[in-house]
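Chain residues, written in single-letter form:
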Amino acid sequence: MRQEKVTYCRICEPLCGMIATVENDELISLRPDKQHPLSKGFACPKGIAFTEIVNDPDRVLHPLRRTADGGFEQVSWDTALADIGERLRGVHRRHGSAGIGWYFGNPATFSTGHTLWTATFMNLLGSPHVYSAGSQDVNNRFVASHFLYGNPVAAPIPDINRVDLLVIMGANPVVSHGSVMSSPRIREGLNAITARGGRVLVIDPRHTETAREHEWLPIVPDTDALLLLSLLHVMFEEKLADDTRLRQRAVGLDSLKRIVGEYPPEQTATSTDIDPDTVRALARSLVRTERAAVYGRIGTSLGRAGTLTTALLDMVNLVAGNLDVVGGSMFGDLGIPGQRFGVAALQRVSRFAWSGRRSRVGDLPQVLGTAPASVMAKEITTPGRGQLRALFVSAGNPVLSVPNGTELADALDDLDDLDLLVSLDIYRNETNAHADYILPATTMYERGDFLLPFQALFTTPFKQATDPVIAPRGEAREEWTVINELVGALSRQVPALGALHAMNTMATRVGRAWNPERLSDVVIRMGLGGDRFGLRRGGLTYRRLVRDEPHGVVVGDGLMPGRLRDTITYRDRKVRLDAPELVAELDRVATAADPRLPLRLIGMREIRSENSWQHTAPMLLRGGREHAARLHPDDAEARGIAEGDLVVVRSAHGQVELPVTITDDIKPGVVAIPHGWGHNGSGGWTRANAAAANDLGSGGVNVNALISSDPDDLERLAGMANMTGVPIEVSLLAGARDERQPIAHSLGSVPS
Ligand SMILES: Nc1nc2c(c(=O)[nH]1)N[C@H]1C(S)=C(S)[C@@H](COP(=O)(O)OP(=O)(O)OC[C@H]3O[C@@H](n4cnc5c(=O)[nH]c(N)nc54)[C@H](O)[C@@H]3O)O[C@H]1N2
Ligand SMILES: Nc1nc2c(c(=O)[nH]1)N[C@H]1C(S)=C(S)[C@@H](COP(=O)(O)OP(=O)(O)OC[C@H]3O[C@@H](n4cnc5c(=O)[nH]c(N)nc54)[C@H](O)[C@@H]3O)O[C@H]1N2
Ligand code: SF4
Ligand SMILES: [Mo]
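It should be emphasised that the depicted structure is a prediction, and the values quoted were computed from it without experimental measurement. (Residues numbered from 1 in each chain as written. Chains lettered and ligands numbered in written order. Predicted model: local features only at pLDDT ≥ 70, side-chain atom pairs only at ≥ 80, totals over all residues. Heavy atoms only, no water.)

A. Representation of the side chain of S359. One can find S359 in the loop between helix 16 (339-349) and helix 17 (376-381). Owing to a relative accessible area of 9%, S359 belongs among the buried residues under this scheme. The residues touching S359, leaving out its near neighbours within four places in the chain, are L364 and E379. (Helix = DSSP H or I, 4+ residues; strand = E, 2+ residues; numbered from the N terminus. Buried < 20%, exposed > 50% of the residue type's maximum accessible area, 1.4 Å probe, protein only. Contact = heavy atoms within 4.5 Å.)

B. Just the site of ligand 1, in detail. With respect to spatial proximity, 32 residues lie near ligand 1, and among them Y103, N106, D425, S612 and N704 are the closest. One nitrogen or oxygen atom from the side chain of D425 is found 2.6 Å from an oxygen atom belonging to ligand 1. In the complex, 97% of the free accessible area of ligand 1, which totals 920 Å², lies under the protein chains. Across the shell around ligand 1, the residue classes tally to 15 nonpolar, 12 polar and 5 charged. Here the shell around ligand 1 gathers at least three residues from each of two domains, domain 2 (64-137 + 361-505 + 548-554) and domain 4 (606-746). (Near = heavy atom within 4 Å. Polar contact = N/O pair within 3.5 Å; in protein donor to acceptor, adjacent residues only side chain to side chain. Areas by Shrake-Rupley, 256 points an atom, 1.4 Å probe, with all protein chains shown as cover. Nonpolar A, V, L, I, M, F, W, Y, C, P; charged D, E, K, R; others polar. Domains from an automatic or database assignment.)

C. Here's a closer look at the sheet that holds strand 5 (residues 72-74). On the basis of which strands lie adjacent, the open sheet formed by 7 strands has the order 5-4-17-16-15-6-7 and mixed pairing. A strand with exactly one partner marks an edge of an open sheet, and here the two such strands are strand 5 and strand 7 (130-132). Neighbour to neighbour, the strand axes of the sheet diverge by 20 degrees on average, direction disregarded. As paired strands, strand 6 (residues 100-104) and strand 15 (residues 390-394) are joined by 5 bridges and run parallel to one another. For W102, the partnering residue across the bridge sits in strand 15 and is F392. Against the sheet, helix 3 (residues 77-95) makes contact with strand 4 (64-66), strand 6, strand 15, strand 16 (420-425) and strand 17 (437-440), and its axis sits at roughly 130 degrees relative to strand 17, the strand it touches most. (Pairing = 2+ DSSP bridges. Axes fitted to C-alpha atoms, helices over the stretch in contact; angles between N-to-C directions.)

Remember, this is a structural readout, not a statement about activity or role.
See below:
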């Protein structure tokens, strides 16, 4: 029987509404949900193509165990879990909790059960080896908020629906669909700003898909901090800022003024390549436009001082009078009474506080209980107490996503040091190619979800919960259920896990087992529009959401202004503008030039790809897929490089070989290369690998071979990888031109 089921997509942050057509428990197709109040019938190609992911013959549907010859064989869950449990206990006996680690990747964020269970398990285990994609993405947002507001999880988002001047720095929402912001139909949201007479200004080294639809202001990569310092400089120098109001809301204003006094736009222009008059005009517009906001993302996070840059974004919004006001940069809200105290308490009782612990290798701070993934390889290979001996990787592909994947791949193969590697994934990828076990996980449509992490990020307050639309395929299991098994496996050796295990067992016995739905239900009932456990009649519960509001429900007219005082956990409820840790980062913002590496590397995202996966769906491969470096004509000409040529790209840390595309849509001196490529046959994605052999394009190269994993090269406050503005040089690959076609189609990953 054919059924239409209302659900939503959980690949990226807008969480677009979807209608799934299901027949005999098989997913037949997906189409955008026209009745979704926010996405209103929009879905992108990745979302639609997900049917092909769910049903992909390449999917891992049974537990796999490594064989002596390096292949994989199917085993039962019982066999896999018994052996993993046994080996885990062995590692724990020999090396303690600190021998066990976990890396969770980006898709984990889109599963409430996955994130909460991982965090709880690792926190109770007490291991410092928790890693995530966050140290290549967003962790400095948490650290900036920690310093500014004393609240790491506070993340201001632009009030897209009401802003009249939006400055986008280092984000490309037309392709990414928005990040650290859930705003379905973002492209329309941006166009609506100009339609109502407003402006959208994109500050980016590349003339991106977003910049093409709006105003473009090119900038030299990794100089955004200097631009922001100059904007503040002008706001104070020209007395545009409202001092009295600022003193009511913040402390450290005089230090900030002193600091930014040293960054006049006339001086920073030599680094940013932005005309001082443009900076002055922008500073004035940001203050004088009633509803204005500056928003930054990956491009402002992956520089050498990303935490400082991120903090400066908020400072510019604050000083311009645009923070926490309608049409500005605003704080989303769960609407739960007392949440401010909850955050403060959580930081005290757990290891989630910033720098609550520092990494053994590199002495870098932890962020929300996670350490920098860049040091994971060295944590495996560096002997001594606390050496990482058993690693779980869930929903991640760090061999492609983390700096220096070759180093990590080698460490994962290092049988002297690593006793156990277990992956929870839906595919065989370049990382779990090295695993002892690959355990099959469900895709998003095989699990229910209410996404807690995104509740405060919706630009229109919104709630939606879904049941699974089909049963798990094959023997796939939800990650949290597997984690429950691991809790059991270590329950005798780790008292805190023993206590949790006993609670789980009891709860299960009385039919009240904890699961993601029950936890989410508590948050829904306490939050905006919730039934407050009966105090608010007709209020929301998880079940009511699924049953009565399957398309989701808007729970507020817009973001609420005046949230700042409840966001700040400092006793005086004032923003801190002069944290010494941030000030110390100023010495990193100046650019050092190396004449041998005159070009600057930046990243970019592609519309039909999600990081390192979804490269197997035929719908997304239509028309071919080719990895290429984007180079400006001036830079190409100076090096004798022509369109399609195969080039060598070198940094101080490694090199890759790939074809070039020559384009005016990039600032001279800058080279853009997408990440997530480098399918060299070690993963199980048949079509992505086979692409080299047919006309679908190549498997590409791993751009992170050019990025440093040396702890000294990581950003100091969040341990973030420096993935943008990296000095490189590009040169024609010797002898490549004569054989251009065949070589371009047989690119594998080139070791550094
Ligand atoms: N150079 C450079 N590097 C970057 C970036 C960049 O801009 N430039 N961006 C960084 C960013 S922002 C991110 S988020 C990271 C991403 O890095 P990672 O999170 O490490 O890797 P992904 O490519 O997202 O791989 C996700 C994996 O999860 C699997 N998967 C998908 N859905 C599920 C599920 O429901 N359950 C389970 N268990 N597995 C699932 C997929 O098969 C895939 O193997 O890359 C980072 N790396
Ligand atoms: N289609 C698609 N959508 C995605 C993803 C995907 O892989 N594919 N990934 C998802 C993930 S994991 C994330 S985190 C989000 C990211 O969402 P975004 O941050 O919006 O996406 P990016 O395309 O990485 O945009 C970063 C922009 O910063 C620019 N940039 C680079 N360096 C600098 C710099 O130094 N200064 C300035 N001002 N700009 C700079 C780049 O040119 C690029 O346009 O996207 C999500 N959405
Ligand atoms: S933009 Fe595309 S991938 Fe992202 S949630 Fe919407 S449909 Fe899914
Ligand atoms: Mo990300």
